[in-house]
Amino acid sequence: MSKTIRVLFLAAEADPFIKVGGLADVTSALPRALRSLPPDRVDDVTFDVRLALPHHSAIKAEARPIAFYSLPRAGREVEVRVSESLLGEMPVYLIHGEPIASSGAVYSSNLAIDTEKYAFFSLAALELPRYLNWDVDIVHAHDWHTALALYALLLKRQNRQEKPIAGLLTLHNLPFMGGDLTEILASYNLPLLETDLPAWAKALPLPLGLFSADAIVVVSPTYAREILTPEFGCGLQDFLHRRRHLIHGILNGLDTLSFDPAADPALPARFTVETIDLRQQNKLALQHKLGLPAEPLIPMIAMIGRLDRQKGVDLALAVLRKLTDLPWQFVLLGIGDLALEDAARALQAEFPGRVRVELRFDSQLARHIYAAADMFLMPSRYEPCGLAQMIAMRYGCVPIVHATGGLSDTVTEERGFLFKTPSVRALRAALLKAFALYPNRERWRALQRAGLSADFSWLRSAKRYSDLYQNVLHSLRVQEIRQ
Ligand code: NHF
């Protein structure tokens, strides 16, 4: 018998509505991949997945009003206005209300304001299915911003108010846990339950979401193991260890239709595994565009993304300074930490003939760089999944990465270079290895071909989420029968 599982995704951002980081790629691609899964072979299951986002002021999408209700708070009512937009065929609900309107940025520098805004969003979004008469089975929250919804769901379940709904949390970045909820919970008349969380975490959104979730997905199998250790567990490792049976590592996918070197309009020369020699034209075009010497055989190293200590940008800049007796060119694209931006500018000023630093967000230039450079540096100190290394491989740019999180799970020695500690020394050794292999065209091509042929599609991840949804609903039913 065919069955539809209804899932409401809750997220702070989703491409193309609003995008700050990699989270937006996942919350845009995964629900659509789930919706387009062919019906399950055995149970004939399909997914009606929909997405709710805060109606940030920067969102300009067309939307039609569909619901209007209010949340009781400290003796008054806070209005919630919801409008519906579409992403392909998927309904996207944009939730509007005073706490969202009064805070301009998606993420501000004021954690208290963000906590207030996302608490309102989480609680308002949780009520939405009732107003839509949409009989939701699973609420799927992402990161700290929406984790409170799972806690509120658990409270409802304890009160046996409505049909039990399962709660799933995908963890994209453990260190970001949100701000103190003690007063906010009280104002919405929600109790703070006794939990086995450490004292400092008892009233933070992400830990409460982790406590409440029926399943926790971590965006790569390696990061799922790493968060159980003191080095990566951010103080929650013991708490998480007690829940390890609920934790699943599922690697993010890549939008392989959009990131396709054979069809990407941003590339001067498009290519496939068979015509990989055409890549050379992209390199020459990029050297020309950026005013670097047109040298086809010099190794070109690239780095693209947020300029952040997490990403190891400081390590990359330090290493290049130590390797100036070797020929290379370096292209850096991104924005972020002001001190790192200054350090990058300083490197360019010192080596104007071989370094180009483009301090901006430019997705078209990024695609050109992926399709032109020879080596892609990603010395992240930790990396829950990482997307750039997958794009790099798909575009024939050989990754050199710290063996952590999703980098370990996507970059193999057949496709790139891995080093074990995030240090200048280890990164230098890995770069030297890459430089030594680079002149061997056959072996270099083999690395590129292996990367280009790897399967990073969302279909693979969506199938794993589909199995997990079904298992979670099954256990919930079993729990209900037992109670
Ligand atoms: O890819 C989306 C992204 C990850 O490693 C990335 C990160 C934040 O740090 O899951 O979330």
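Residues numbered from 1 in each chain as written. Predicted model: local features only at pLDDT ≥ 70, side-chain atom pairs only at ≥ 80, totals over all residues. Heavy atoms only, no water.

**Some thoughts on the site of the ligand**
Residues in close proximity to the ligand include Gly22, Leu23, Val26, His172, Asn173, Val219, Asn252, Gln310, Glu383, Pro384, Cys385 and Gly386, which together make up its full environment. Within the backbone of proline 384, one N or O atom sits 3.5 Å away from an oxygen atom of the ligand. Contact with the protein chains hides 90% of the accessible area of the ligand, taken as 300 Å² for the molecule alone. For the shell around the ligand, the per-class residue count stands at 5 nonpolar, 6 polar and 1 charged. Taken together, domain 1 (3-253 + 459-482) and domain 2 (276-455) each give at least three residues to the shell around the ligand, which thus spans both. (Near = heavy atom within 4 Å. Polar contact = N/O pair within 3.5 Å; in protein donor to acceptor, adjacent residues only side chain to side chain. Areas by Shrake-Rupley, 256 points an atom, 1.4 Å probe, with all protein chains shown as cover. Nonpolar A, V, L, I, M, F, W, Y, C, P; charged D, E, K, R; others polar. Domains from an automatic or database assignment.)

**Focus on the environment of lysine 3**
Mapped onto the elements of the fold, lysine 3 is located in strand β1 (residues 3-10). Judged by relative accessible area, which is 34%, lysine 3 ranks as partly exposed. (Helix = DSSP H or I, 4+ residues; strand = E, 2+ residues; numbered from the N terminus. Buried < 20%, exposed > 50% of the residue type's maximum accessible area, 1.4 Å probe, protein only.)

**A word on the pairing of β1**
Side-chain positions along a regular strand alternate between the two faces of the sheet. Here β1 runs beside strand β2 (residues 45-54); their pairing, made up of 8 bridges, is parallel. Residue pairing in the sheet places lysine 3 in a bridge with valine 45 of β2. Inspection of the sheet shows β1 paired to strand β6 (residues 138-142) by 4 bridges, in the parallel sense. Bridge pairing in β6 places valine 7 opposite isoleucine 138. (Pairing = 2+ DSSP bridges.)

**With respect to the domain arrangement of the protein chain**
Per the domain assignment, the segments of the protein chain are domain 1 (3-253 + 459-482) and domain 2 (276-455). Placing a centre on the C-alpha atoms of domain 1 and another on those of domain 2 gives a separation of 34 Å. Listed by partner, the interface residues are 17 residues for domain 1 and 15 residues for domain 2. Here domain 1 packs against domain 2, burying approximately 1,200 Å² in sum over the two surfaces, 60% of which is carbon and sulfur. Linking domain 1 with domain 2 are 0 salt bridges, by the criterion used here. The interface formed by domain 1 and domain 2 holds 7 residue pairs in polar contact (both at pLDDT 80 or more) in total. Examining the composition of the side of domain 1 that touches domain 2, we find that 4 residues originate from one element, helix α7 (residues 221-226), more than from any other. (Contact = heavy atoms within 4.5 Å. Buried area = accessible area lost by both parts, 1.4 Å probe. Salt bridge = Lys/Arg side-chain N within 4 Å of Asp/Glu carboxyl O.)

**Here's the deal with the sheet that holds strand β9 (residues 247-249)**
One open sheet accounts for 9 strands, arranged β3-β4-β5-β2-β1-β6-β7-β8-β9; its pairing is mixed. Strands at the two margins of the open sheet, each flanked by one partner only, are β3 (64-73) and β9. Neighbour-to-neighbour, the strand axes of the sheet open up by a mean angle of 25 degrees, direction not taken into account. Sitting on the sheet, helix α1 (residues 22-35) is in contact with β1, β2, β4 (76-87), β5 (90-96) and β6, with an inclination near 150 degrees to β2. Running at roughly 160 degrees to strand β7 (residues 166-171), helix α4 (residues 143-159) makes contact with β1, β6 and β7 of the sheet. (Axes fitted to C-alpha atoms, helices over the stretch in contact; angles between N-to-C directions.)

**Overview of the environment of leucine 168**
Topologically, leucine 168 is positioned in strand β7. Exposure remark for leucine 168: the relative accessible area of 0% places this residue in the buried category. Taking C-alpha positions, leucine 168 is 5.3 Å from alanine 213, a pair spaced 45 residues apart along the chain. In contact with leucine 168, other than residues within four places in its own chain, are Ile138, Val139, His140, Ala141, Leu150, Ala215, Val217, Tyr465, Leu468, Tyr469 and Val472.

**Regarding helix α17 (residues 458-482)**
The end-to-end C-alpha distance of α17, which contains 25 residues, comes to 36 Å, matching closely the 36 Å that a straight helix rising 1.5 Å per residue would cover. Within α17, burial applies to Trp458, Ser461, Ala462, Tyr465, Ser466, Leu468, Tyr469, Gln470, Val472, Leu473 and Leu476. (Expected span 1.5 Å × (residues − 1).)

**Side note on the packing of aromatic side chains**
Under the criterion given, the structure shown has 11 aromatic pairs. Residues phenylalanine 47 and tyrosine 469 carry aromatic rings whose centres are separated by 5.7 Å and whose planes lie at 55 degrees to one another, so their mutual orientation is tilted. Taken together, the residues phenylalanine 47 in strand β2 and tyrosine 469 in helix α17 connect sequence positions 422 residues apart. Here phenylalanine 47 and tyrosine 469 have matching classes, each one buried. Each ring, one from tyrosine 107 and one from tyrosine 118, has its centre 6.4 Å from the other, and the planes form 35 degrees; the classification is tilted. Of the two residues, tyrosine 107 is situated in the loop between α2 (98-101) and α3 (111-132) and tyrosine 118 in helix α3; the sequence distance between them amounts to 11 residues. Tyrosine 118 sits in the buried class, given a relative accessible area of 1%. Lying across the ring of tryptophan 328, arginine 354 places its NZ or CZ 4.3 Å from the centre. The positively charged end of arginine 441 is found above the aromatic ring belonging to tyrosine 438, 4.7 Å away from the centroid. (Phe/Tyr/Trp six-rings, centres within 6.5 Å; stacked < 30°, edge-to-face > 60°. Lys NZ or Arg CZ within 6 Å of the ring centre and 35° of its normal.)

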